[in-house]
Amino acid sequence: MPRKKKTPHEAAEALASRALAEVEARAAAAHARELAEAEAAAEMDASAEGAEVEQSSPRSPAEIAARVSGPRQAVVWDDEDDEDDEDDEDDDEEAYDDRWDDATYAHHRGPRRPLRDRARGRVGVVELLMFRIGTERFAVELSSVEEAIDLPDVHHVPEMPPAMVGVITVRGALTPVFTPDDALGVRVEHRSAALIFRSPRGRFALAIDDVDDVMTLDLAQLRDAPGVDGSDPVVLGVARNEGSIVALVDAEALIEACQAIPVPELA
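It should be emphasised that the depicted structure is a prediction, and the values quoted were computed from it without experimental measurement.

Okay, the nonpolar core next. With 34 residues, the main nonpolar core has I133, F138, V140, L195, F197 and I208 as its most contacted residues. Top contributing element to this core by residue count: helix α8 (residues 251–258), with five residues. By size, the runner-up hydrophobic cluster in this structure holds 14 residues, among which are M130, L236, V246 and L248.

Let's shift gears to α8. Listed in full, the buried residues belonging to α8 are A251, A253, L254, I255 and C258. Between a side-chain oxygen at the N-terminus of α8 and the backbone nitrogen of E252 the separation is 3.1 Å; the capping residue is D250.

Attention shifts here to the packing of aromatic side chains. Applying the stated criterion across every chain, the model contains three aromatic pairs. Their ring planes at 25° and their centres at 5.9 Å tell us that F131 and F138 sit as a pair that is stacked. Judged by relative accessible area, which is 0%, F131 ranks as buried. For F138, a relative accessible area of 6% gives the class buried.

Regular strands show a simple pattern: their side chains alternate between the two faces of the sheet. The buried fraction of strand β2 (residues 136–141) amounts to five of the six residues, a majority that puts the element mostly inside the structure. Two elements, strand β1 (residues 125–133) and β2, share six bridges in a ladder whose sense is antiparallel. Note on β2: the bridge partner recorded for R132 is R137. Linking β1 to β2, which pair antiparallel, is a turn of two residues; within it G134 sits at a positive phi near 65°. The sheet contact formed by β2 and strand β10 (residues 244–249) spans three bridges and is parallel. Residue pairing across strands places F138 opposite A247, the latter belonging to β10.

Here we take up the environment of G134. Relative to the helices and strands, G134 is located in the loop between β1 and β2. In sequence terms G134 and V188 are 54 residues apart; their C-alpha atoms lie 5.9 Å from each other. The residues touching G134, leaving out its near neighbours within four places in the chain, are R187, E189 and D209.

Cut-offs applied
- Residues numbered from 1 in each chain as written.
- Predicted model: local features only at pLDDT ≥ 70, side-chain atom pairs only at ≥ 80, totals over all residues.
- Heavy atoms only, no water.
- Core = buried A, V, L, I, M, F, W, Y, C linked by side-chain atoms within 4.5 Å.
- Buried < 20%, exposed > 50% of the residue type's maximum accessible area, 1.4 Å probe, protein only.
- Helix = DSSP H or I, 4+ residues; strand = E, 2+ residues; numbered from the N terminus.
- Polar contact = N/O pair within 3.5 Å; in protein donor to acceptor, adjacent residues only side chain to side chain.
- Phe/Tyr/Trp six-rings, centres within 6.5 Å; stacked < 30°, edge-to-face > 60°.
- Pairing = 2+ DSSP bridges.
- Contact = heavy atoms within 4.5 Å.

As C-alpha cells, then:
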C-alpha cells in the first residue's frame, strides 16, 4: 500500500517536534549533570566542615590550658632530624613521650606509667596545671584534670566529713567539694575556684584559691620537698618556676586523702 505523502505543513511540524525533543533531552542531561556536581560539592563541604569541627574540639585539658595560658604552640617533629637522630632514639624517647595524650601514648608504648613512678625515676616531660592555695603554689598533671571552674554556691549536706565543704552542681550532676587543708597542710582562704577530677567514686571537686598557669616540667629538674620523705603519699617533689617553688602533687593520692572518710550518698 503506497505511503501517504506528508504535506509541507505536516513535515514542518514533525521537524519542529524532533528538534524540541532533542532540546529537551539536552536540557535534562545538563540539569542532571548540575545536580550531580552540586551533590558532590555539598559532600566535600560537609566532610571539610566535619574535619574542622573535629580538629577544633580539644580535649578538656587543652581547653584548660587555653583558658589559663592562651593558645599553645604545637610541638613539631622534623622528619629529617628524626632520621639523623635514630641512634639516639632510645635516649630521647622518654623526653617527649609524656607529652603525647593517653591514646597516642598507649598506641605506641602501652599504658602510661603513673606520675608517681615517673617522678621517682626523674625521667620524662609532663605538662602540669598550677594552682594556688594561700601563698603556696601546687601543680597536678594537666591530663588528670577534667576541668577548672569558678566555684559556684556550695550547698551543705548533713553529716559531712571534715574535709568536705558541701556539694555543687556541675553539668546537672551533684558533685562533692573537698578542701585540701589537711592533705596539703595549707588552708584555703578564698575558695574562689575548683578543679574537677574523675575518681573511681565519681566526679570530685577540689576547692582552691585560684587557677594559676600551665607549665611543662622536665622531671629531671624535680627535687625532694624539704622536710618530706619519700613516703609522703601526696607531694612528689618540688620544682622552680619563674623564681618560685611549685610542689608537684599526685592527684590520685590527693583525692584518696580527701576522701579517706566515707562520702555521703548523693541523690
